[in-house]
Every structure is written in C-alpha cells, then in structure tokens.
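Secondary and tertiary structure notes
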Amino acid sequence: LNSKFYSETINYLQKQKYLKFPSINKVLENSFISDYPLGYVITNENKTIVGFMGTIYSKRNFNNQEYIYCNIHSWIVDETYRINSFLLLTPLINQNITLTAFTPVKSLIGLLEKFDFKTIKIKHKIVYLFNFFISKNNDYIVEKDSAVIKKTINQTDFKIYENYYKLPYEKFIITNKTDSSKYIFVIASRVKKKGLNVLNLFYISNSAEFKENWDKFKFNISKEFKVNFFSQYFFDDIHSAFPDNIFLSKTKEKHVCIKNILSNINLDILYSDLIE
C-alpha cells in the first residue's frame, strides 16, 4: 500500500480497458493482512507498468496452526506483453502458502496448471423465495447489532467478524428465542446478477443448521434485507446452505484453481474475490 508503485498501479488500473476499475478497486479494499502485498505488477524496459495481478492474503487456523492463504484476482496484462504473464506468478509459486484463483479466464487455467495448480469445480446456487409477503417466523431473530453479535459469537467467528467489521458487507446472527445458546453467524454481500438484487451468503458458521432450519427463518432474512434472491458458492454438496428440494433454484458449476491445499480442509470463498 505504501510502496512507490501503488499510485502508479492505481493509475494503470484506471486507464486499462480490460476490467472495470470500480470492480477491481472494490476487491482491493478487502485487505486482511496489512504488511502483505495488494498485488504484483510487471514493468517494461522503461519501468512503465504493463500488467497487474491482485492478491488477497489471509490467515487461517487449522489444528492450532496458522496458515497463509492468497487469492489471486484481476489478472491483467497488456496484449503486447502477455507472453510474459507468467512472471506475475513467480513471487508466489515457491512460497509455502495456499494459492487460489476463483475467477480465472479459460486462457489462464492452462497457465496455472503448468505451475502445479489443480483445477476443481465449485458450485453456485441461486434460490428464489416466490412468496415474499408471508409473515416472518417470530421464533427466530435476525440480529444485526454489532454489540449483540460480538457478545454472542465464539472466538473463531469473532476473528472473522473483526476482519470484516469495517467492510461494507451484511453481518448478522440468527437465533432461536427458545434456545439462545445456539446461533448461526452469517456474512453476506449484496450483488447484482442479471439486474437482480441477490444476497450472496459467503460465510455461514453452521451450514448444516442453516440448511435444516431454512424454511423457518428464510422470510425473516428476506424481509430484513428486502431481497428474495439468495446465493451461495460451495465446493461440496454437504456444505450447501440451502435444502435440495427448493423448487425455484438454479445451480451452475465453474472451474477454479488451487495450489498447496491442505488435506482434510473444507474449502470456502472467504477472503476471496468471489464474495463480490
């Protein structure tokens, strides 16, 4: 952020014609480790920037050990220099970190595979609540107050909440009046899909509980956020937050690339560009 290349990079991203700058800039705001790069650039012989690759670094804890993840996004190289696109990867490939590329174009997938990335499938499900005006279930509460959320959630969820606290995403918990000890912590983004307002649920602390009780609180969430379209990305059907028998729903698959993934780890899209 404080390097000499930062202002030059922003200027390059504003002028390039390949991706819309507001979309890139929104992702750049998702910085979770302050002393790690926001991205990497290629310069030509005149020290002019001719390519950029954005990076979202994050820390994950598994089995009491900390690991570094890096999500690659917004890969742009001027046409004249695309034969050198691979150079943007060279600072990363030998690091002991997990690398993800969740939005690669087809031409980049082949390049990533040459650097030992594995290509796997991710699913994206969109559901529609056709009866938007049904009264909400009074047994469940959708709580957005930050003081209540912080007081309720456990340490793992609290760390995630802190990372997203200042970012413009919806953060809420779902609780049952009859058993206040249980909660489901959710972080979501408001996105546009083909002109429709969609609430993209990108973190759910207990997807199994959410799925089991979806019919009981779905209209509470719908009314709270004034949406009737919901979506979620997931790698395995077992982590889908929506019931399988929803009538008005659509699921698509796409390819993503991952390198150095830890074994027995449940993949998600937290700390990535797919949350947008």
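Look up: the structure comes first, before these words.
Residues numbered from 1 in each chain as written. Predicted model: local features only at pLDDT ≥ 70, side-chain atom pairs only at ≥ 80, totals over all residues. Heavy atoms only, no water.

Here we come to a nonpolar patch on the surface. On the surface, a nonpolar cluster with roughly 390 Å² of combined accessible area is contributed by Phe 130, Phe 247 and Leu 248. Position of Phe 130 relative to the elements: it lies in the loop between β5 (118-128) and β6 (140-143). (Patch = residues over 30% accessible without salt bridge, like charges linked within 9 Å, V, L, I, M, F, W, Y side chains within 5 Å. Areas by Shrake-Rupley, 256 points an atom, 1.4 Å probe, with all protein chains shown as cover. Salt bridge = Lys/Arg side-chain N within 4 Å of Asp/Glu carboxyl O. Helix = DSSP H or I, 4+ residues; strand = E, 2+ residues; numbered from the N terminus.)

We now examine the state of the cysteines. Under the definition given, this model contains 0 disulfides. We note that Cys 70 lacks a disulfide partner, and the nearest cysteine sulfur, in Cys 257, lies 14 Å from it. Classification of Cys 70 as buried rests on a relative accessible area of 1%. The exposure class assigned to Cys 257 is buried, which follows from its relative accessible area of 0%. (Disulfide = S-S within 2.5 Å. Buried < 20%, exposed > 50% of the residue type's maximum accessible area, 1.4 Å probe, protein only.)

One simple way to see leftover space: roll a probe sized like a water molecule over the atoms. Looking at the largest pocket, its volume works out to about 920 Å³. If you go around the largest pocket, you meet 32 residues; those closest to its centre are Arg 60, Ile 160, Tyr 203, Asp 268 and Leu 270. Considered class by class, the residues forming the lining of the largest pocket number 16 nonpolar, 11 polar and 5 charged. Its boundaries defined by the atoms lining it, the second largest pocket holds a volume of some 730 Å³. In terms of lining residues, the second largest pocket is bounded by 25 residues, among which Leu 19, Ser 74, Trp 75, Thr 103 and Val 105 are the most central. Looking at the lining of the second largest pocket, the elements with two or more residues in it are α2 (21-28), β3 (65-77) and α3 (106-114). Here the lining of the second largest pocket is composed, by residue class, of 14 nonpolar, 6 polar and 5 charged. (1 Å grid on protein atoms, 1.4 Å probe; cavity = no way out; pocket = protein on both sides within 12 Å on 5 of 7 lines; lining within 4 Å. Points joined across faces, edges and corners; volume = space filled by probe spheres on them. Nonpolar A, V, L, I, M, F, W, Y, C, P; charged D, E, K, R; others polar.)

Here we come to the pattern of salt bridges. Across all of its chains, the model carries 8 salt bridges by this definition. Of the charged contacts, one joins Arg 190 and Glu 170 as a salt bridge, the two residues approaching to 2.9 Å between their closest N and O atoms. With Arg 190 in strand β8 (residues 179-193) and Glu 170 in strand β7 (residues 170-176), this pair connects stretches of sequence that are 20 residues apart. Asp 215 is paired through a salt bridge with Lys 218; the nearest N and O atoms lie 3.0 Å apart. With Asp 215 and Lys 218 both in helix α7 (residues 214-225), this residue pair falls 3 residues apart, about one helical turn. Exposure remark for Asp 215: the relative accessible area of 51% places this residue in the exposed category. The class of Lys 218 is buried, set by a relative accessible area of 16%.

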